[in-house]
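As a plain string of letters, each chain reads:
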Amino acid sequence: MEYLALAYYWFLAAHIIFVIFWMAGLFMLPRYLVYHQEALIAGRAEEAALWVDREAKIRKIILTPAMIAVWLLGITLATLGHHWAEGWLHAKLFFVLALTGYHGWSVGYARKLALGKHSLAGRTLRMLNEIPALGAALIVILVVIKPF
């Protein structure tokens, strides 16, 4: 039993580390998208091509691997800690699913920009940058306060 308790804290530490990595990527990629779109609109093809490369690197090196680790470690923690029946975890999972969807949308929009297409106004794209911060704040409140 002592081994499981120790393992739980190692999984928790790893989970928090990968959440930080994932959130860093979720803060950076949408900002990259703003700059990429501005370069496209202004007709700066060489700069836009650099943003395509940067977006691919952040996605492949940080964003997607961190998201996968967050999910695997989170499921492990919920199982080891017997949290599956707790309401706060269900609410947290809702927001983690929403951030995962946002991650997917960001990657999709990056691919769209790589093809030279854009469909959002710059202001809208900038406002969408705030979604990860809001999601992270709500998740931290749920995990720390455990309101239900």
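Check the entry above for the structure.
Basis of the calculations
- Residues numbered from 1 in each chain as written.
- Predicted model: local features only at pLDDT ≥ 70, side-chain atom pairs only at ≥ 80, totals over all residues.
- Heavy atoms only, no water.
- Helix = DSSP H or I, 4+ residues; strand = E, 2+ residues; numbered from the N terminus.
- Buried < 20%, exposed > 50% of the residue type's maximum accessible area, 1.4 Å probe, protein only.
- Contact = heavy atoms within 4.5 Å.
- Areas by Shrake-Rupley, 256 points an atom, 1.4 Å probe, with all protein chains shown as cover.
- Lys, Arg positive; Asp, Glu negative; His and termini not counted.
- Charge placed at Lys NZ, Arg CZ, Asp CG, Glu CD.
- Patch = residues over 30% accessible without salt bridge, like charges linked within 9 Å, V, L, I, M, F, W, Y side chains within 5 Å.
- Salt bridge = Lys/Arg side-chain N within 4 Å of Asp/Glu carboxyl O.
- Polar contact = N/O pair within 3.5 Å; in protein donor to acceptor, adjacent residues only side chain to side chain.
- Phe/Tyr/Trp six-rings, centres within 6.5 Å; stacked < 30°, edge-to-face > 60°.

Undergrad: Now, about the overall build of the chain: what can you tell me, with residues and values included?
TA: When you go through the chain residue by residue, the secondary structure sums to five helices and zero strands. The N-to-C order of helical and strand elements in the chain reads α-α-α-α-α. Each of the three principal axes of the chain carries a C-alpha extent, and together these read 60 × 25 × 15 Å. A total of 148 residues make up the chain; the buried ones form 33% of that total. By sequence separation, contacts in the chain at least 24 residues apart represent 76% of the contacts at least 6 residues apart. When the accessible surface of the chain is totalled, it reaches about 8,700 Å², and 73% of it is carbon and sulfur. For the chain, the centre of its 13 positive side-chain charges and the centre of its 8 negative side-chain charges are spaced 6 Å apart.

Undergrad: Before we move on, could you go through a nonpolar patch on the surface and cite the residues and values that matter?
TA: A contiguous nonpolar surface patch, about 550 Å² in accessible area, is contributed by Ile16, Ile17, Ile20, Phe21, Ile61 and Ile62. For the nonpolar patch, the elements supplying multiple residues, two or more each, are α1 (2–41) and α2 (45–80). Top element by residues in the nonpolar patch is α1. It accounts for four residues. Mapped onto the fold, Phe21 is located in helix α1.

Undergrad: If you had to explain unusual backbone geometry to someone new, which residues and values would you point to?
TA: Phi is positive for His82, close to 55°, though the residue is something other than glycine. Looking at the element boundaries, His82 is found in the loop between α2 and α3 (87–114). The backbone phi angle of Lys146 is positive, close to 50°, even though this residue is not glycine. For Lys146, the position within the fold is in the segment after α5 (131–145). Among the residues examined, Lys146 registers a relative accessible area of 41% and is labelled partly exposed.

Undergrad: Can you break down the side chain of Gln37 residue by residue, with the values?
TA: As for its position among the elements, Gln37 is in helix α1. According to the relative accessible area criterion, Gln37 is buried, its value standing at 2%. Looking at Gln37, its side chain comes within polar contact range of the main-chain oxygen of Leu120, at 2.7 Å. When residues no more than four places from it in sequence are discounted, the contact partners of Gln37 are Tyr109, Leu113, His118, Leu120, Ala121, Gly122 and Leu125.

Undergrad: How would you explain the packing of aromatic side chains if you had to name every residue and give the values?
TA: With the rule as written, the count across this model stands at seven aromatic pairs. Centre to centre, the rings of Tyr8 and Tyr9 are 5.6 Å apart; their planes meet at 90°, and the pair counts as edge-to-face. Residue class for Tyr9 comes out exposed when judged on its relative accessible area of 57%. Note on Tyr32 and Trp51: the rings are 5.1 Å apart at their centroids and 55° apart in plane angle, and the pair reads as tilted. Of this pair, Tyr32 sits in helix α1 while Trp51 sits in helix α2, placing them 19 residues apart in sequence.

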